[in-house]
Amino acid sequence: MSDYRCMWTGLGLDLDRHDSLLELLGQGYAQAFLSQQNRPEGMKYFDFVVSEAHGLRIKELVEHKSKGGTVVGTFCVYVPEDVILAAGGIPVGLCAGADFAVADSDGLIPRNTCPLIRASLGFKMNRTCPYIQASDFVVGETTCDGKKKMFEAMAEQHPTYIMEVPQKKTAAARDLFISEVKAFVSKMESESGRKISADQLAEATRRLEAKKAALRRLHEARKADPVPISGLDALLVSQISFYDDIDRFTTKVNELADEVEARAAEGRGVFAKSTPRILFAGTPLPLPDWKLHSILESSGATIVGEESCVGSRYYTTTTPANDDTLDGQLSAISDRLLGTHCACFTPNLERVEDIIEMAREYKADGVIHYALAFCQTYAAEAIKVEKALKAEAIPVMSLESDFSDNDAAQLQTRVQAFIEMLRR
Ligand code: BJ8
């Protein structure tokens, strides 16, 4: 990595703590990813992106800002990325999946809050995340209660804009959300100093849809047995989708999908045929949360899909056709976003149906439902998911954990017992 210290100082990073973070990330990455066998050649690009996540990509963001561009930090897939792109902005996903920053939010939000929320604020407090430092403002949303209250604390540290996301799937909720998306258009116009035209928005949506189509191609290839790409690598691509340059990312994912589809056609896999296949379902797995995937894939199973916002809940939603006026497009974008089956909505029965459908399509031998500690919404849905899967005779196990390694041995024991049961 070139010397980016001057840039990091300019962004206000705590260089000593940042050095410790980079060291930890480097070790974790080498251990989880570089030790894998039979990786597709196309993963080299994503290895490079990770190695330059705090370097080259941040340089691109800083250069974009120096030319008058906007950088917007987001924490949820309900934020319309295409509105940001249409205003010439760059969206970057900021959800954090590292134990490193969890305790840095202590004193601002309760400790019995989900680690994703604590780390998201913690990375602002410890000044080790160049993405939040480079962002002009962050967009929070009214999804779960923990996030809502965290964004109040965040607003005292960093410019924060809140989008109201409804909690029900009714016509009134849809109207509310459309008005929120329109308000966000006004926010982006005032931040960027650019009026968003219908043509610019259509082009931004086209670029976003191209990215999602590339992701769908890649993940579809995981239906093959033997599986042509590991769950760890597929997860990494999904994680990178939230911060890489959108058009370059789309090209590279399509190249990787070409290779992975060819492997599937030739029957070449990363694991032996008939390796137990697991569908992951649950809370998001933001970078660098590779814990459960690492444990499962080093215990003799493979993960063939992620029903998660870092996974299918993101790439399966598409923008329905509507008239090409600005209003028509904004309604279509709102409908696309409301097609995300998040546990913060009530009721949310579609998510259970999605999991059953995915388990069948991806020929999963079993499902692991995962909820981050203190996440009430996904923990509550775990009960419904378990019941529904048992009724379909699909083996299922629910797990709850955090980003630390404290329970790694215990998780491994449970996971190995589950895999053994699937083998029998
Ligand atoms: S659309 S899943 S990204 S809200 S894990 S912070 S729910 S306590 S992240 Fe999410 Fe948007 Fe929904 Fe997706 Fe709260 Fe649960 Fe923590 Fe969560």
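Residues numbered from 1 in each chain as written. Predicted model: local features only at pLDDT ≥ 70, side-chain atom pairs only at ≥ 80, totals over all residues. Heavy atoms only, no water.

Caption draft 1: Main features of the site of the ligand. Of all residues adjacent to the ligand, which total 16 residues, the nearest are C76, C144, C309, C342 and C375. Partitioning the shell around the ligand into residue classes produces eleven nonpolar, three polar and two charged. Looking at which domains feed residues into the shell around the ligand, each of domain 1 (2-192) and domain 2 (204-317 + 343-423) gives three or more. (Near = heavy atom within 4 Å. Nonpolar A, V, L, I, M, F, W, Y, C, P; charged D, E, K, R; others polar. Domains from an automatic or database assignment.)

Caption draft 2: Quick peek at the nonpolar core. The biggest cluster of nonpolar side chains holds 139 residues, and the ones touching the most others in it are F46 and F184. Both domains that furnish three or more residues to this core are identified here as domain 1 (2-192) and domain 2 (204-317 + 343-423). The residues contacting F184, other than those within four sequence positions of it, are V79, P80, V83, I84, F137, V139, Y161 and M163. (Core = buried A, V, L, I, M, F, W, Y, C linked by side-chain atoms within 4.5 Å. Buried < 20%, exposed > 50% of the residue type's maximum accessible area, 1.4 Å probe, protein only. Contact = heavy atoms within 4.5 Å.)

Caption draft 3: Inspection of the pairing of strand β2 (residues 90-93) at higher detail. Both strand β1 (residues 71-74) and β2 contribute to a ladder of four bridges, which runs parallel. Pairing of V72 across the sheet is with P91, part of β2. At this point the chain moves from β1, through helix α5 (residues 81-86), to the parallel β2, and the crossover so formed is right-handed. (Pairing = 2+ DSSP bridges. Helix = DSSP H or I, 4+ residues; strand = E, 2+ residues; numbered from the N terminus. Right-handed = clockwise from strand over helix to strand, strands pointing away.)

Caption draft 4: Inspection of the sheet that holds strand β3 (residues 137-141) at higher detail. Pairing is parallel in the open sheet, where four strands are placed in the order β2-β1-β3-β4. Two strands close off the open sheet at either side, each with one partner strand: β2 and β4 (160-163). The sheet shows a mean angle of 30 degrees between the axes of neighbouring strands, direction not considered. Both β3 and β4 contribute to a ladder of four bridges, which runs parallel. When the sheet's bridge partners are listed, G140 is paired in β4 with I162. The sheet contacts of helix α4 (residues 56-66) involve β1 and β2, and relative to β2 the element is tilted by about 145 degrees. Where helix α9 (residues 171-192) meets the sheet, it contacts β1, β3 and β4, and its direction lies at approximately 160 degrees from that of β4. (Axes fitted to C-alpha atoms, helices over the stretch in contact; angles between N-to-C directions.)

Caption draft 5: A look at the packing of helix α16 (residues 349-361) against helix α17 (residues 376-391). Put simply, α16 and α17 touch, their axes get as near as 10 Å, and they point 50 degrees apart. Taken together, the axes of α16 and α17 lie oblique to each other. In the packing of α16 onto α17, the handedness of the crossing is right-handed. Residues L349, R351, V352, I355 and I356 of α16 lie in contact with α17, whose contacting residues are Y378, E381, K384, V385, A388 and L389. In the contact of α16 with α17, the residues fall into eight nonpolar, no polar and three charged. (Parallel < 35°, antiparallel > 145°, perpendicular 65-115°, else oblique. Left-handed = near helix turned anticlockwise from the far one by under 90°.)

Caption draft 6: Structural detail: unusual backbone geometry. For the bond running from D225 to P226, omega is 5 degrees, close enough to zero to count as cis. With respect to the helices, strands and loops of the structure, P226 is situated in the loop between α10 (198-220) and α11 (231-240). In this model, L287 is joined to P288 through a cis peptide bond whose omega is -5 degrees. A positive phi angle, near 70 degrees, is found at S274, a position not held by glycine. Its location among the elements puts S274 in the loop between α12 (246-266) and β5 (277-282). Looking at S274, the relative accessible area reads 59%, which means it is exposed. A positive phi angle, close to 60 degrees, is found at A393, a residue other than glycine. Tracing the backbone through its elements, the reader meets A393 in the loop between α17 and β8 (396-401).

Caption draft 7: Broad picture of the pairing of strand β7 (residues 366-372). Burial runs high along β7: seven of the seven residues are buried. Of the two faces of β7, both are covered, the one formed by G366, I368, Y370 and L372 as well as the one formed by V367, H369 and A371. Relative to β7, β5 runs parallel, the two being bridged by five bridges. Of the residues in β7, the one forming a bridge with L279 is V367. With six bridges connecting them, β7 and β8 associate as parallel partners. Note that in β8 the partner of I368 across the bridge is M397. Taking the sense of rotation as the criterion, the β-α-β connection linking β7, α17 and β8 turns out right-handed.

Caption draft 8: Layout of the domain arrangement of the protein chain. For the protein chain, the assigned domains read domain 1 (2-192) and domain 2 (204-317 + 343-423). Taken together, the contact between domain 1 and domain 2 spans 50 residues of the former and 51 residues of the latter. Between domain 1 and domain 2, a total of about 4,100 Å² is buried, with carbon and sulfur atoms accounting for 67% of that surface. Where domain 1 touches domain 2, the interface holds four salt bridges. In this structure, E350 and K169 form a salt bridge, with 2.9 Å as the shortest nitrogen-oxygen distance. For the pair domain 1 and domain 2, the interface holds 19 residue pairs in polar contact (both at pLDDT 80 or more). Mapped by element, the contributors of at least two residues to the side of domain 1 that touches domain 2 are α2 (15-34), α3 (43-51), α4, α5, β2 and α6 (115-125). (Buried area = accessible area lost by both parts, 1.4 Å probe. Salt bridge = Lys/Arg side-chain N within 4 Å of Asp/Glu carboxyl O. Polar contact = N/O pair within 3.5 Å; in protein donor to acceptor, adjacent residues only side chain to side chain.)

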